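Architecture and fold: a report
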Amino acid sequence: MPDRMARRRSHRKRRRLARRWRGSEGGVEDWIGPSEVAARLKVSRATVYALVKSGQLRHRRVGLQIRVPLSAVDEFLSGSQ
């Protein structure tokens, strides 16, 4: 029983965090995972994790998951050319 309650609490926490993700204009932004970022940048997932760790790619963590806003991918692409 306590495990189920802990899972519910963590699920609620993730939902609250997800609601707070707002773009710079105040609107809700689309967020993608490292695999999709890697596909868009044409690099490996390990490279995406390295970019996140170095701070070159904006991201948020939700539990153990990493989410990257689409605008951060666009900023990275425009800054690297």
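Not measured: the values here are computed from a predicted model. (Residues numbered from 1 in each chain as written. Predicted model: local features only at pLDDT ≥ 70, side-chain atom pairs only at ≥ 80, totals over all residues. Heavy atoms only, no water.)

An α-helix turns once per 3.6 residues; consequently, residues spaced three or four apart project the same way. Those residues of helix H2 (residues 34-41) that sit buried are Pro 34, Val 37, Ala 38 and Leu 41. Across the axial projection of H2, the buried residues extend over an arc of 100°, all falling on one side. Looking at the residues trailing H2, positive phi occurs at Lys 42, about 60°. (Buried < 20%, exposed > 50% of the residue type's maximum accessible area, 1.4 Å probe, protein only. Helix = DSSP H or I, 4+ residues; strand = E, 2+ residues; numbered from the N terminus. Arc of directions from axis to C-beta.)

In this section: the packing of H2 against helix H3 (residues 45-54). Look at H2 against H3: their axes get within 8 Å of each other, and the N-to-C directions meet at 105°. With respect to H3, the element H2 is oriented roughly perpendicular. Only Arg 45, Val 48, Tyr 49 and Leu 51 of H3 make contact with H2, whose side of the interface consists of Pro 34, Ser 35, Val 37, Ala 38 and Leu 41. Taken together, the residues of the contact of H2 with H3 sort by class into 7 nonpolar, 1 polar and 1 charged. (Axes fitted to C-alpha atoms, helices over the stretch in contact; angles between N-to-C directions. Parallel < 35°, antiparallel > 145°, perpendicular 65-115°, else oblique. Contact = heavy atoms within 4.5 Å. Nonpolar A, V, L, I, M, F, W, Y, C, P; charged D, E, K, R; others polar.)

Along H3, the residues classified as buried are Val 48, Leu 51 and Val 52. Projection of H3 onto a plane perpendicular to its axis shows the buried side chains occupying an angular sector of 100°, all on one side. Residues of H3 that are exposed and angled more than 90 degrees away from the buried face: Ala 46 and Lys 53. Just past H3, the residue Gly 55 takes up positive phi, approximately 90°.

Turning next to the pairing of strand E3 (residues 65-69). Sheet faces and side chains relate simply in a regular strand, where the side chains alternate between the two faces. Where strand E1 (residues 31-32) lies against E3, 2 bridges are found, and the strand directions are antiparallel. Residue Ile 32 lies in a different strand from E3, and its bridge partner there is Val 68. Here strand E2 (residues 60-62) pairs with E3 via 3 bridges, running antiparallel. Paired with Arg 61 across the two strands is Ile 66, which belongs to E3. The loop that links E2 with its antiparallel partner E3 comprises 2 residues; one of these, Gly 63, has a positive phi angle of about 65°. (Pairing = 2+ DSSP bridges.)

With respect to topology, 3 strands assemble into an open sheet ordered E1-E3-E2, the strand pairing being antiparallel. Either end of the sheet is taken by a strand with one partner, and the two such strands are E1 and E2.

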